[in-house]
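Residue-level structural notes
The lines below spell out each chain.
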Amino acid sequence: MKKFLSEFKAFAMRGNVVDMAVGVVIGGAFGSITTSLVNDIFMPLLGLITGGINFGGLFIALDGQKYASIEAATAAGVGTLNYGAFIQYVINFILIAFCMFLVIRVMNKMKKPEPAPVKPRVCPFCKSEIAKDATRCPHCTSMLE
């Protein structure tokens, strides 16, 4: 049992497991922020642009009758095809993906670019790698410029 617990401790304390746990927690918090941005800012603006259409309330009653709302149709025992909820989820997905794109774009711009790898100097005669400041090739002893 002691060996099992020590193995579990070693597994749980590995860097990548801890990093993943931190990422999940931060991702959950960021998910709340993006959901609020979509629901509280973008969707009201979209409703204003579309003339107040509530996509979530669009449905077709499967008995062919007209009902005031999904709840009214459900209370009457009628099945409904809630295509508006699907449209709402698609719009939410697109807006959340767009928000994530903008955040990642800003984060990438804030990162310092990695310096380009320095190409090693190569002897023109034997094609061996040599030091930058060498005046003679250590492999073939040729004089270098």
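Here we summarise the structure given alongside this text. (Residues numbered from 1 in each chain as written. Predicted model: local features only at pLDDT ≥ 70, side-chain atom pairs only at ≥ 80, totals over all residues. Heavy atoms only, no water.)

1. With respect to the overall build of the protein
For the protein, the count of helices and strands is four helices and four strands. Mapped from its N terminus to its C terminus, the protein presents α and β elements in the order α-α-β-α-β-α-β-β. Computed over the C-alpha atoms, the radius of gyration of the protein is 31 Å, more than 25% above the 15 Å expected from 2.2 N^0.38 for a compact globule of 145 residues. Once the C-alpha set of the protein is aligned to its principal axes, its extents read approximately 95 × 55 × 25 Å. Looking at the 145 residues of the protein, the share that counts as buried comes to 15%. Restricting to contacts in the protein with at least 6 residues of sequence separation, those with at least 24 account for 31%. Entry remark: accessible area of the protein is about 11,700 Å², with carbon and sulfur atoms responsible for 68%. (Helix = DSSP H or I, 4+ residues; strand = E, 2+ residues; numbered from the N terminus. Rg over C-alpha atoms; globule rule 2.2 N^0.38 Å. Buried < 20%, exposed > 50% of the residue type's maximum accessible area, 1.4 Å probe, protein only. Contact = heavy atoms within 4.5 Å. Areas by Shrake-Rupley, 256 points an atom, 1.4 Å probe, with all protein chains shown as cover.)

2. Here's the deal with the environment of R136
When you line up the elements, R136 lands in the segment after strand 4 (129–130). Put simply, R136 and C123 are 13 residues apart on the chain and 8.9 Å apart in space, counted from C-alpha to C-alpha. Not counting the four nearest positions on each side in its chain, R136 is found in contact with T141, S142, M143 and L144. Only 2.8 Å separates the side chain of R136 from the backbone oxygen of T141, close enough to count as a polar contact. (Polar contact = N/O pair within 3.5 Å; in protein donor to acceptor, adjacent residues only side chain to side chain.)

3. A few points about the environment of I96
Tracing the backbone shows I96 in helix 4 (residues 83–110). With relative accessibility at 27%, the residue I96 sits in the partly exposed group. Aside from chain neighbours lying at most four places away, what touches I96 is T34, T35 and V38.

4. Considerations on a nonpolar patch on the surface
A contiguous nonpolar patch, built from M13, V18, V22 and I26 and spanning about 380 Å² of accessible area, is present on the exposed surface. Topologically, V22 is positioned in helix 2 (residues 15–49). Residue classification places V22 among the partly exposed positions, given a relative accessible area of 43%. (Patch = residues over 30% accessible without salt bridge, like charges linked within 9 Å, V, L, I, M, F, W, Y side chains within 5 Å. Salt bridge = Lys/Arg side-chain N within 4 Å of Asp/Glu carboxyl O.)

5. What about the side chain of N92?
Residue placement: N92 occurs in helix 4. A residue is classified by how much of its surface remains accessible, and N92, at 15% relative accessible area, is buried. If near-sequence neighbours (up to four positions away) are discounted, N92 is found in contact with V38, N39 and M43.

6. Digging into unusual backbone geometry
With a phi angle near 65°, K127 is a residue other than glycine that sits in the positive phi range. Topologically, K127 is positioned in the loop between strand 3 (121–122) and strand 4. With relative accessibility at 59%, the residue K127 sits in the exposed group. We note that T141 has phi near 60°; this positive angle belongs to a residue other than glycine.

7. As for the side chain of Q88
By the element assignment, Q88 lies in helix 4. Excluding its chain neighbours within four sequence positions, the residues that come into contact with Q88 are M43, F55 and G56.

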